[in-house]
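# What the coordinates show
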Amino acid sequence: MTQQFHDISAFLRHGFDDVIDVRSPAEFAEDHVPGAINLPVLDNEERARVGTIYVQESRFRARRVGAALVFRNAARYIEGPLADRGRDWRPLVYCWRGGQRSGSFAWMLRQIGWQAETVDGGYRSYRRAVNQMLHIDPLPFRAVLLGGFTGTAKTELLHRLEGRGVQVLDLEGLAQHRGSLLGEMAAPQPSQKGFETRIAQVLSGFDPGRPVVIEAESSKVGERLVPPSLWAMMRAAPWIEVTAPIEARAAYLDRAYDDILSNTSRLRERLAPLKTFRGRETVESWFSMIDVGDRLALTRALMEQHYDPAYAKSRRAINPLVLAEVAMVSLDSAALDDAAARIEATVQDWSLSGVTPG
């Protein structure tokens, strides 16, 4: 009745019809097993109420109150979201540590005749597996980083490479952030645990015998930290440097960052702290460009006066092994397709050579 999973791959290959997370919505929102559905047997307020009774009154009363709530909520799910499940349905149920919440719910499902099982150790065992993969064990992949100044369409190149069958880890997409001062997106970033779950899920689907292409990022993507095992792999990886003329980069950045460039009050708010690093006069000149709506002049100035110097300084400190430079004269679709083909060829040649940076 209880399943044990020792690594991420085992969790992802569970073989059950559904995975049900019975923790509270807040716990589920922070992180959960990929593909799980949330059927909380105690919602946020109910969980807090039972916890308070447990601490301030007695364990017995907390269990009695909790049991009534759990079975009341479970009955609603059986009549609602689970009403269409057939007699051979096999669900896998987990809670925080594989205790009373998942045990009670799975027991009720089994009384109906469904083949419900629980996760030994609950979500905590899943989190330990993620932690083992991304914080403790070295990753079994060889990576190539895609470097280049801001505005060289590296994210678009990653997507084109993925379309060509290259193994790609898009950290900015997984973190829901474009990885720069103006990189925030409309949707909030996932939690740190949620970010790591996304990384682990993608990596678990990769072939260790083939290279992985990743954009050259700092150790943070927005407010999310690149986990240690992945960061160690990235620091040891060679680079492919992409370049493009400043005019093309300014136009590309104007398109790619349209959301934040259109929100002038938020844009000024994000740029204001740079007065400390780039000087008041420089930042005030950016504000003047914002005021007159000259976005191309602004994106070019931001790159020349902020992004490019920061990137050059960081690259000098890293001093990576550069496998190739892929120069583009424009950033239109044809140019990006051509660049993706050249990057793919370079990655394949490097992979076949067996050379490990060192």
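So, here's what we can say about the structure.

Rules and cut-offs
Residues numbered from 1 in each chain as written. Predicted model: local features only at pLDDT ≥ 70, side-chain atom pairs only at ≥ 80, totals over all residues. Heavy atoms only, no water. Pairing = 2+ DSSP bridges. Helix = DSSP H or I, 4+ residues; strand = E, 2+ residues; numbered from the N terminus. Axes fitted to C-alpha atoms, helices over the stretch in contact; angles between N-to-C directions. Contact = heavy atoms within 4.5 Å. Buried < 20%, exposed > 50% of the residue type's maximum accessible area, 1.4 Å probe, protein only. Arc of directions from axis to C-beta.

## Things to note about the sheet that holds strand β12 (residues 322-327)
Strand order in the open sheet made by the 5 strands is β7-β8-β6-β11-β12, with parallel pairing throughout. Only two strands of the sheet have a single partner each, and these edge strands are β7 (167-169) and β12. Neighbouring strand axes in the sheet, compared pairwise and without regard to direction, differ in orientation by 25 degrees on average. Helix α7 (residues 154-163) contacts β6 (143-147), β7, β8 (212-215) and β11 (239-243) of the sheet and is inclined by roughly 165 degrees relative to β8. This element, helix α10 (residues 228-235), spans β6, β7 and β8 of the sheet and lies at about 95 degrees to β8.

## Observations regarding α7
Buried within α7 we find Lys-154, Leu-157, Leu-158 and Leu-161. Buried residues in α7, looked at end-on, bunch into an arc of 105 degrees, giving them a common side. For α7, the elements touching its buried residues are β6, β7, β8, β11 and α17 (333-353). At the exit of α7 stands Gly-165, carrying a positive phi of roughly 95 degrees.

## Examining the sheet that holds strand β1 (residues 2-3)
A sheet is described by the order of its strands in space; here 5 strands give the open sequence β1-β5-β4-β2-β3, paired in parallel fashion. With one partner strand each, in any of the chains shown, β1 and β3 (37-38) form the two edges of the open sheet. Examined bridge by bridge, strand β4 (residues 91-94) and strand β5 (residues 117-119) share 2 bridges and lie parallel to one another. By the bridge assignment, Leu-92 is partnered in β5 with Glu-117. Those strands touched by helix α5 (residues 100-112) are β2 (18-21), β4 and β5, and its axis lies near 155 degrees from that of β4.

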